[in-house]
Amino acid sequence: MGLMEEKNPEFKLTPTRHPSLKEGEKAATAHRAHPYEGVHSVAISGSAENPEEIAKWLDYAYSEDGHMLFNFGIEGESYEMIEGYPTYTEEITNNPEGLPMTQALGKFIRASYGGPLIQDKRYLEQYYELPEQKEAVELWSESAENDINMPPITLNARESEEFNAIMSDLDTYYDETVIRFIMGEEPLDNFDEFVATLQGMGIERAIELQQSALDRYIAR
């Protein structure tokens, strides 16, 4: 939105509900993430010189002091406690060096770029500066059931090779065609042809590979 300010001051983006098959019903799935998505993990190498110290440092992130440090930084510098709420200072919100908030946060905290830690809701409440961002969080979480989210499945080496070979071209075609549908450049009368093309590119085999990985996950 900020990039369009000079070109078009009336430019505005706003969130909208996820579409559902029937009017008035919630969408089946949306943006809600799993508690653990398989990213921002950590491992201690067998060749590490001080594995116990590394483990202590990692464990510190889950202590009360570590949680505050990794989410808000240093009290008196990057945040102040105001009525019990850790509030970012102007060092973060109006950085004297002109740094955007993301970069200013990066000098003090880890929550802004992930890691083995608990991301504090109060960090996000301040990081999302625009009312449209805050509205999107509420709207997108309320407008979907999220009961059928795909769990973090794992394909084996053979499946991954075959799946990636199918999806490398299929993803490009899918993304470009969906955008054309949305922009009105591709008539919706061509939707059946779009589906047939996906099938011809191997989408059903890709689904089979995903299903096999899901079956293994459920059977664990």
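Note: the structure precedes this text.
Residues numbered from 1 in each chain as written. Predicted model: local features only at pLDDT ≥ 70, side-chain atom pairs only at ≥ 80, totals over all residues. Heavy atoms only, no water.

Q: Mind showing me how you'd approach unusual backbone geometry here?
A: Glycine aside, a negative phi is what most residues show, and trans is what most peptide bonds show. For glutamate 83, which is not a glycine, the phi torsion comes out positive at approximately 50 degrees. Structurally, glutamate 83 is set in the loop between strand E1 (79-82) and strand E2 (85-88). (Helix = DSSP H or I, 4+ residues; strand = E, 2+ residues; numbered from the N terminus.)

Q: I would appreciate a short explanation of a nonpolar patch on the surface in the present structure.
A: Nonpolar side chains collect at one region of the surface, where Met1, Leu13 and Leu130 lie side by side and expose about 240 Å² of accessible area between them. Topologically, methionine 1 is positioned in the segment before helix H1 (51-60). (Patch = residues over 30% accessible without salt bridge, like charges linked within 9 Å, V, L, I, M, F, W, Y side chains within 5 Å. Areas by Shrake-Rupley, 256 points an atom, 1.4 Å probe, with all protein chains shown as cover. Salt bridge = Lys/Arg side-chain N within 4 Å of Asp/Glu carboxyl O.)

Q: How should the nonpolar core be read in this particular structure?
A: In summary, soluble globular proteins display a tendency toward joint burial of nonpolar side chains. Core analysis: the biggest nonpolar cluster contains 15 residues, and Phe72, Tyr88, Ile92, Leu105, Ile109 and Tyr123 have the highest contact counts within it. Breaking this core down by element, the ones donating at least two residues are helix H2 (64-72) and helix H4 (101-106). Excluding anything up to four places from it in sequence, isoleucine 92 contacts Ser78, Met101, Ala104, Leu105 and Phe108. One finds Met167, Phe181, Leu209 and Leu214 within the second-largest nonpolar core, a separate group that totals 13 residues. (Core = buried A, V, L, I, M, F, W, Y, C linked by side-chain atoms within 4.5 Å. Buried < 20%, exposed > 50% of the residue type's maximum accessible area, 1.4 Å probe, protein only. Contact = heavy atoms within 4.5 Å.)

Q: Quick question: what am I supposed to make of the pattern of salt bridges here?
A: Oppositely charged side chains can form a pair if their charged atoms are brought close together. One pass over the full model with this rule turns up 10 salt bridges. Measuring nitrogen to oxygen at the nearest pair gives 2.7 Å for the salt bridge that ties lysine 12 to glutamate 132. Of the two residues, lysine 12 is situated in the segment before H1 and glutamate 132 in helix H6 (residues 131-142); the sequence distance between them amounts to 120 residues. Linking lysine 107 and glutamate 91 is a salt bridge whose minimum nitrogen-to-oxygen distance equals 3.8 Å. In this pair, lysine 107 is assigned in the loop between H4 and helix H5 (121-127) and glutamate 91 in helix H3 (residues 90-93), connecting sequence segments 16 residues apart. Overall, glutamate 91 belongs to the partly exposed group, its relative accessible area being 22%. Taken together, the shared-partner salt bridges connect Arg158, Glu162, Arg205 and Glu208 into one network.

Q: Would you take a moment to explain the pairing of E2 for this structure?
A: Taken residue by residue, a regular strand's side chains alternate between the two faces of the sheet. Of the two faces of E2, the one holding Pro86 and Tyr88 is buried and the one holding Tyr85 and Thr87 is not buried anywhere. Looking at chain direction, E1 and E2 are connected through four bridges and run antiparallel. Across the sheet, residue glutamate 80 finds its bridge partner in E2, namely threonine 87. A loop of two residues connects E1 with E2, the two strands running antiparallel in sequence, and glutamate 83 in this loop sits at a positive phi of about 50 degrees. (Pairing = 2+ DSSP bridges.)

Q: How should I be thinking about the packing of aromatic side chains in this particular structure?
A: Centre-to-centre distance and the angle between the planes together describe a pair of aromatic rings. Applying the stated criterion across every chain, the model contains 11 aromatic pairs. Here the aromatic rings of phenylalanine 181 and phenylalanine 194 are separated by 5.5 Å at their centres, their planes lie at 75 degrees, and the arrangement is edge-to-face. Of this pair, phenylalanine 181 sits in helix H7 (residues 157-183) while phenylalanine 194 sits in helix H8 (residues 191-200), and the two are 13 residues apart along the sequence. Exposure class is identical for phenylalanine 181 and phenylalanine 194. Each is buried. Pairwise contacts between aromatic rings join Tyr173, Tyr174, Phe181, Phe191 and Phe194 into one cluster. Positioned above the aromatic ring of phenylalanine 70 is the side chain of arginine 110, whose terminal nitrogen or guanidinium carbon lies 5.0 Å from the ring centre. (Phe/Tyr/Trp six-rings, centres within 6.5 Å; stacked < 30°, edge-to-face > 60°. Lys NZ or Arg CZ within 6 Å of the ring centre and 35° of its normal.)

Q: In this structure, what is going on with the side chain of glutamine 126? I would like to understand it.
A: Secondary-structure assignment places glutamine 126 in helix H5. On the accessibility criterion, glutamine 126 (15% relative accessible area) is buried. For glutamine 126, the contacting residues outside a window of four places in its chain are Phe72, Tyr85, Pro86, Thr87, Tyr88 and Met101.

Q: I tried to follow H7 on my own but got confused; where do I start?
A: It helps to recall that an α-helix has 3.6 residues per turn; residues three or four apart then point in one direction. Spanning 27 residues, H7 covers 38 Å between terminal C-alpha atoms, matching the ideal 39 Å at 1.5 Å per step. Of all the bends found along H7, the most pronounced is centred on methionine 167 and spans about 35 degrees. Considered for burial, the residues of H7 that qualify are Glu159, Phe163, Ile166, Met167, Leu170, Thr177 and Phe181. Elements in contact with the buried residues of H7: H8 and helix H9 (203-219). Two or three places before arginine 158, at the opening of H7, asparagine 156 has a side-chain oxygen 3.2 Å from that residue's backbone nitrogen. Backbone geometry just after H7 places glycine 184 at a positive phi near 80 degrees. (Expected span 1.5 Å × (residues − 1). Bend = angle between axes of the 7 residues up to and from the residue. Polar contact = N/O pair within 3.5 Å; in protein donor to acceptor, adjacent residues only side chain to side chain.)

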